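# Geometric and topological summary
One letter stands for each residue in the lines below.
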Amino acid sequence: QKEVEQDPGPLSVPEGAIVSLNCTYSNSAFQYFMWYRQYSRKGPELLMYTYSSGNKEDGRFTAQVDKSSKYISLFIRDSQPSDSATYLCAMSSMNSGYSTLTFGKGTMLLVSP
Amino acid sequence: NAGVMQNPRHLVRRRGQEARLRCSPMKGHSHVYWYRQLPEEGLKFMVYLQKENIIDESGMPKERFSAEFPKEGPSILRIQQVVRGDSAAYFCASSPGGITNEKLFFGSGTQLSVL
């Protein structure tokens, strides 16, 4: 079992749709959870960062963490064509003392006008 | 207010040659991480460095790969005698303090192609 599982997609939605992206993980030591957005041939860009179970909202984005189920989600409201990108979940533990991240493979999102 | 700078953006090498990838962290950041992204794979941690020190190289292949972050100048990821399997995107990230819950900021990467 991989440490972090993420459906690669692609996920195709019409403009204005609500998008749900998900990751599951197996390592209960993971305490910090992030979502990165990566456009083609670009580096990952940090979107959301959270360390507790529950919801965190930032504009059209909501990150949700359920540590009991080892499941995290990213919701995008009113999706736009400019949201078309690959979304990577990432997580880290407190064990190492520094921020080595374990990434999912990424979900490709396509938002059509 | 430049972000993490990586160069070159694209690097083509023939099998057996050496590849040198450079990374300049964000201003004020003294901690550098290298990640590799193989086709159809997620980003994989390779090495974590502070100025003049390798802190964690647990993700680095044991042979042909080395990294440094000198007191002056950029961090360098060096791959000797490249093989086709080294073809990938190599990303550098930096952070200011190297603590557990720190946010990492990534560069745009170097795409290495081995012919």
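Structure first, text after, so check above.
Described below are features of the structure shown in this document.

Procedures and definitions
Residues numbered from 1 in each chain as written. Chains lettered and ligands numbered in written order. Predicted model: local features only at pLDDT ≥ 70, side-chain atom pairs only at ≥ 80, totals over all residues. Heavy atoms only, no water. Helix = DSSP H or I, 4+ residues; strand = E, 2+ residues; numbered from the N terminus. Rg over C-alpha atoms; globule rule 2.2 N^0.38 Å. Buried < 20%, exposed > 50% of the residue type's maximum accessible area, 1.4 Å probe, protein only. Contact = heavy atoms within 4.5 Å. Areas by Shrake-Rupley, 256 points an atom, 1.4 Å probe, with all protein chains shown as cover. Lys, Arg positive; Asp, Glu negative; His and termini not counted. Charge placed at Lys NZ, Arg CZ, Asp CG, Glu CD. Pairing = 2+ DSSP bridges. Disulfide = S-S within 2.5 Å. Axes fitted to C-alpha atoms, helices over the stretch in contact; angles between N-to-C directions. Polar contact = N/O pair within 3.5 Å; in protein donor to acceptor, adjacent residues only side chain to side chain.

All right, on to the overall build of chain A then. What chain A contains, in helices and strands, is 0 helices and 11 strands. Starting at the N terminus and ending at the C terminus, chain A contains elements arranged as β-β-β-β-β-β-β-β-β-β-β. Against the 2.2 N^0.38 benchmark of 13 Å for 113 residues, chain A shows a C-alpha radius of gyration of 14 Å, consistent with a compact globule. With the C-alpha coordinates aligned to their principal axes, the bounding extent of chain A is approximately 45 × 30 × 25 Å. The buried share among the 113 residues of chain A stands at 46%. Contacts in chain A between residues at least 24 apart in sequence constitute 55% of all its contacts with a sequence separation of at least 6. For chain A, the exposed surface amounts to about 5300 Å²; the carbon and sulfur share of it is 48%. Mean positive and mean negative side-chain charge positions of chain A (10 and 10 charges, respectively) differ by 6 Å.

Looking now at the pairing of strand 8 (residues 75-79) of chain B. Put simply, side chains in a regular strand alternate between the two faces of the sheet. Residues and elements named next belong to chain B. The element strand 8 is largely enclosed, with a buried count of 4 among its 5 residues. Pairing analysis gives 5 bridges linking strand 3 (residues 19-24) to strand 8, with the strands arranged antiparallel. Bridge pairing links Cys23 to Ser75 in strand 8. By the bridge criterion, 4 bridges tie strand 7 (residues 65-68) to strand 8 in an arrangement that is antiparallel.

This part takes up the state of the cysteines. Applying the stated criterion across every chain, the model contains 2 disulfides over all chains. The disulfide bridge from Cys23 of chain A ends at Cys89 of chain A, spanning 2.0 Å between sulfur atoms. Negative torsions about the S-S bond denote left-handed disulfides, and the value of about -100° found for Cys23 of chain A with Cys89 of chain A makes this one left-handed. With Cys23 of chain A in strand 3 (residues 19-25) and Cys89 of chain A in strand 9 (residues 85-93), this residue pair connects regions lying 66 residues apart in the sequence. You'll find Cys23 of chain A and Cys89 of chain A in the same group, each marked buried. Paired by a disulfide, Cys23 of chain B and Cys92 of chain B hold their sulfur atoms 1.8 Å apart. Between Cys23 of chain B and Cys92 of chain B the disulfide shows an S-S torsion of about -55°. By sign, it is left-handed.

Residues and elements named next belong to chain B. A sheet is described by the order of its strands in space; here 4 strands give the open sequence 1-3-8-7, paired in antiparallel fashion. In the strand order of this sheet, the two ends are held by strand 1 (5-7) and strand 7, each with one partner. For this sheet the average axis-to-axis angle between neighbouring strands, irrespective of direction, equals 15°. Pairing of strand 1 with strand 3, which is carried by 3 bridges, proceeds in the antiparallel orientation. Along strand 3, the bridge assignment pairs Asn7 with Arg22.

A separate point is the side chain of Gln37 of chain B. Summarising the element assignment, Gln37 of chain B is placed in strand 4 (residues 31-37). Here Gln38 of chain A takes part through its side chain, which lies 3.2 Å from a polar atom of the side chain of Gln37 of chain B. Residues contacting Gln37 of chain B, with those up to four places away along its chain left out, are Gln38 of chain A together with Gly42, Leu43, Ala88, Ala89 and Phe91 of chain B.

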